[in-house]
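Report on the structure
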Amino acid sequence: MTIFRFVLKRFLRNPANILLVTLLPIAVVFMPPSGWFPLPMGFQYFGMVLMFIAARMGTIVMEDRIKGTLLRIGLAPVKHSQYLWQTLAAFALILVGVSGIVVALGTAVHGNRLVAPGTLFLVFSCFSIASLGFSLAWFSLFRNREGAVATITGVIPLMMMLGGIMWPVQAMPSLFQRLAMLVPTYWLTKGLLSAADGARLLGLGLPLGLMLLYSAAFVLLGSMRRLI
Amino acid sequence: MVIARMSDVVKRYGTHLVLDNVSMEMGEGEIVGLLGPNGAGKTTLLYALTGLIGVDSGEIELFGRPLEDNPLETKGRIGFVTQEVSVFHDLTARENLEFFGGIYGLRGASLKQRVQQALETVGLTEYANRLPSRFSGGMSRRLNIACALVHEPELIIMDEPTVGVDPQSRRHILETVRELNRQGTTVLYTTHYMEEVQAIASRVIILDQGHIIAEGTISDLVEQIRHEERIRLEVTDVTEPLLQNLRSLEGVKGVTVEGRVVHITTQVGSGNLDRVLAAASKAGGVLWINAERPTLEDVFLTLTGKQLRDGGEE
Ligand SMILES: Nc1ncnc2c1ncn2[C@@H]1O[C@H](COP(=O)(O)OP(=O)(O)OP(=O)(O)O)[C@@H](O)[C@H]1O
Ligand SMILES: [Mg+2]
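Residues numbered from 1 in each chain as written. Chains lettered and ligands numbered in written order. Predicted model: local features only at pLDDT ≥ 70, side-chain atom pairs only at ≥ 80, totals over all residues. Heavy atoms only, no water.

1. Here's the deal with the overall build of chain B
Heads up, the condition is: Numbering of helices and strands runs from the N terminus; a helix is a DSSP stretch of H or I covering at least four residues, while a strand is a stretch of E covering at least two. Working rule for contacts: check all heavy atoms of both residues, and any pair within 4.5 Å makes them a contact. Residue-level accessible areas treat just the shown protein chains as cover; the underlying method is Shrake-Rupley with a 1.4 Å probe. Only four residue types enter the charge count: Lys and Arg as positive, Asp and Glu as negative, with His and the chain ends excluded. Each charge is placed at NZ for Lys, CZ for Arg, CG for Asp and CD for Glu.
Broken down by element type, chain B carries 11 helices and 14 strands. When its C-alpha atoms are laid out on the principal axes, chain B stretches across 75 × 45 × 40 Å. Considering only contacts in chain B between residues 6 or more positions apart, those separated by 24 or more positions represent 68%. Taken as a whole, chain B presents about 13,900 Å² of accessible surface, with 46% of it coming from carbon and sulfur. One way to put it: in chain B the 31 positive side-chain charges average out to a point 3 Å from where the 44 negative ones average out.

Here it is as structure tokens:
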């Protein structure tokens, strides 16, 4: 678990990262209720916040490649997939923690309007893991740093729109409705709506399971990339 | 025991043939110098040898087993000093070593102790808690080397470890290599600096455009290319019998006299320096004798038609 430990150490050592994982989520908690969404607006968009933080976290892979440390790791008795899994686990620990804090604070601020906080926490946790898988794969596959950062920044809001966070999926043309099922954000929306609807854990099996599956698929994709 | 062996290894990048039927061998305890001009394929050879990149054909054996048998276990027995300094800039020197020791499986007290020892080996103990972004070029290079030593590898591969370091750091690095070798580590050392190879290597491999064009001990190589050696002999008294004597030695091609100095041209490897000296001492007092020999640099130039170092980088 050396990689896991040092990913945590390196991330938390940077004050900008600490601000990122505290300020943004806290802002989420205090946003007003939403129009159509059955949860306060902050929780409607918390998924997007998680995706952006995950994107920032994923740049570590690119950093390591540019600095040549990834090459060194490739020369050591460690598989590239192990490197990605341990990196994912370390960041997931942070994002799951952040999700827990946000949901707990949200309960304090919004009271009953934040229905089923336990289930929400689970949905956000699984989505964090999916977002990290996506981001790690993204930065493993791209060569150019600026290009990768710029495109992922543009792609995240698009995924949110397609996934039905900003408006109901049913409001989109039928082709988009079908395409939507291919992005993890769709399953985030599903999970949130079901949770707000009072679904039990069992009813959430599909969205939660699929988000974790997405994460695994992304990491596998990312580990196919040659190291040098 | 053979530590590393490549047989007929071919590696292409697209249509570019980078390793062209490379075969080589390294025995336990050797320091082999790998020389070659820029773009010769040295780094590619090292990457192929360690299994970091695949090859198009040919066989690679490490520690007596085919590379593909157990690549992870094999990697664990090798230390690789990369051509570029590749360390984490957001971790201190000590943390870098803890990281690299850790991914090679070291834990707890033995990791701590190995890290301490690696720091001492490269002379960075007092900078252990500093970030490498503040290091000088020489210090970064030394940390880069330490990261490859921390797990006590049996084979150390160094890809131009001394580029851009000050003379003092360089001496330190070469001394480190010698010391590691004395302790039994096998070393494959790539460099652009002929003096380094001459100072530490027991054997040299010269690579050019993906071919191994020469291989052997430094004196073997030098003898391979030069067929003549010039001996300059200064005596108290140049006598005709002495000159006769010298001319009659086997392998001597010419003898000329210039005051009290006799110039003798002889075949390389004829062992004539000894015989010239014997003949001269018999004839009277020898004031001075020296043999001008071609250097490894000459070998390189003759074989590749290139200077070992091209311009810029010094
Ligand atoms: N990943 C790659 N893709 C395509 N070509 C490559 C790649 N890596 C190396 N080459 C080419 O292979 C040749 C050998 O490169 P290599 O880095 O092995 O040379 P080298 O002897 O180490 O040179 P230097 O002394 O400059 O380090 C060069 O022509 C290089 O351009
Ligand atoms: Mg090279």
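2. Brief notes about the site of ligand 1
Residues and elements named next belong to chain B. Condition: We call a residue near a molecule or strand whenever a single non-hydrogen atom of that residue lies within 4 Å of it. Whenever a nitrogen or oxygen atom comes within 3.5 Å of another N or O atom, the pair is scored as a polar contact, on the condition that within protein one atom can donate a hydrogen and the other can accept it, and that pairs from neighbouring residues in sequence are kept only if both atoms are in side chains. Charged means Asp, Glu, Lys or Arg here, nonpolar means Ala, Val, Leu, Ile, Met, Phe, Trp, Tyr, Cys or Pro, and polar covers whatever is left, Gly included.
Among the 14 residues in the neighbourhood of ligand 1, the closest are listed as Gly39, Lys42, Thr43, Thr44 and Gln83. Contact between ligand 1 and Lys42: an oxygen atom at 2.7 Å from a side-chain N or O atom of the residue. A distance of 2.7 Å separates an oxygen atom of ligand 1 from a polar side-chain atom of Thr43. The fraction of the free accessible surface of ligand 1 (640 Å²) that becomes covered by protein chains is 65%. Ranked by the residues each element gives to the shell around ligand 1, the list is headed by helix α1 (residues 42-50), at 3 residues. Split into classes, the residues belonging to the shell around ligand 1 amount to 4 nonpolar, 8 polar and 2 charged.

3. Section: the interface of chain B and chain A
Selection criterion: Computed with a 1.4 Å rolling probe, the buried area is the accessible surface lost when two parts are put together, summed over both parts. Basic side-chain nitrogens of Lys or Arg form a salt bridge, by our definition, when they fall within 4 Å of a carboxyl oxygen of Asp or Glu.
Chain B puts 29 residues into the contact, and the matching count from chain A is 22 residues. When chain B packs against chain A, close to 2,300 Å² is buried across both sides, 67% of that on carbon and sulfur atoms. For the chain B face of the interface with chain A, the top three residues by lost area are Leu52, Leu72 and Ile103 of chain B, together amounting to 23%. Joining chain B to chain A, the criterion identifies 3 salt bridges. Across the pair Arg10 of chain A and Asp90 of chain B runs a salt bridge, and its minimum N-O distance is 3.2 Å. Run the count over chain B and chain A and you get 8 residue pairs in polar contact (both at pLDDT 80 or more). Every element with two or more residues in the side of chain B that touches chain A is listed here: α1, α2 (71-76), β6 (78-81), α3 (93-103) and α5 (137-149) of chain B. Across the side of chain B that touches chain A, the residue classes tally to 16 nonpolar, 8 polar and 5 charged.

4. With respect to the coordination of the magnesium ion (ligand 2)
Residues and elements named next belong to chain B. This is how the line gets drawn: Counted as donors are the N, O and S atoms within 2.8 Å of the metal, or 3.2 Å for Na, K and Ca, while water is not among the atoms, so some sites may look incomplete. In this scheme, a residue with accessible area under 20% of its type's maximum is buried, one over 50% is exposed, and one in between is partly exposed, where area comes from a 1.4 Å probe on protein chains only.
Only Thr43 (OG1) and Gln83 (OE1) from the protein reach the magnesium ion (ligand 2) as donors, at distances of 1.9 to 2.2 Å. Taken together, the positions of Thr43 in helix α1 and Gln83 in the loop between β6 and α3 put the pair 40 residues apart, joining distant regions of the chain. On the basis of relative accessibility, which here comes to 25%, the residue Gln83 falls in the partly exposed class.

5. Structural notes on helix α9 (residues 240-247) of chain B
The condition is simple: Directions drawn from the helix axis to the C-beta atoms are what define this arc.
Among all positions of α9 of chain B, only Leu242, Leu243 and Leu246 of chain B are buried. One side of α9 of chain B holds all its buried residues, which, seen down the axis, span an arc of 95°.

6. A closer look at the environment of Ala109 of chain B
Tracing the chain through its elements places Ala109 of chain B in helix α4 (residues 108-121). Distance in space between the C-alpha atoms of Ala109 of chain B and Arg247 of chain B is 70 Å, their sequence separation being 138 residues.

7. Re the packing of aromatic side chains
Residues and elements named next belong to chain A. As a reminder of what qualifies: Two rings from Phe, Tyr or Trp (for Trp, the six-membered ring) form a pair when their centres sit within 6.5 Å of each other. Planes less than 30 degrees apart are called stacked, planes more than 60 degrees apart edge-to-face, and all others tilted.
All chains considered together, the criterion is met by 14 aromatic pairs over all chains. Measuring from centroid to centroid gives 5.4 Å for Phe11 and Phe91, while their planes differ by 75°, and the two rings are edge-to-face. Here the residue Phe11 occupies a position in helix α1 (residues 2-13), and Phe91 occupies one in helix α5 (residues 80-110), the gap between them amounting to 80 residues. Across the pair, exposure class does not vary: Phe11 and Phe91 are buried alike. With a centroid separation of 4.8 Å and an interplanar angle of 75°, the aromatic rings of Phe46 and Phe124 are classed as edge-to-face. Here Phe124 lies in helix α6 (residues 117-141) and Phe46 lies in helix α3 (residues 41-66), a separation of 78 residues in the sequence. Across the pair, exposure class does not vary: Phe46 and Phe124 are buried alike. Put simply, the rings of Phe134, Trp138, Phe142, Tyr214 and Phe218 pair up and form one aromatic cluster.

8. Section: the pattern of salt bridges
Residues and elements named next belong to chain B. In this structure the tally under the stated criterion is 20 salt bridges over all chains. For Glu30, the salt bridge identified is with Arg203, shortest N-O distance 2.6 Å. With a gap of 173 residues between them, Glu30 in the loop between β2 (16-27) and β3 (31-35) and Arg203 in strand β9 (residues 203-208) connect regions that are remote in the sequence. Salt bridges linked by common partners bring Arg65, Glu73, Arg77 and Glu154 together as one network.

9. Remarks on a negative patch on the surface
As a reminder of what qualifies: Residues enter patches when their relative accessible area tops 30% and they take part in no salt bridge; the joining distance is 9 Å for like charges and 5 Å for the nonpolar side chains Val, Leu, Ile, Met, Phe, Trp and Tyr.
Taken together, Asp8, Glu59, Glu68 and Asp69 of chain B make up a surface patch of like negative charges. Looking at the secondary structure, you find Asp69 of chain B in the loop between β5 (65-66) and α2.

10. Some words on the pairing of β2 of chain B
All names here are of chain B. As a reminder of what qualifies: Between any two strands, pairing holds if DSSP finds at least two bridges.
Pairing of strand β1 (residues 2-13) with β2, which is carried by 8 bridges, proceeds in the antiparallel orientation. Residue pairing in the sheet places Ala4 in a bridge with Met26 of β2. Counting the residues that bridge the hairpin from β1 to β2 gives 2 residues, and of these Gly14 lies at a positive phi of roughly 65°.

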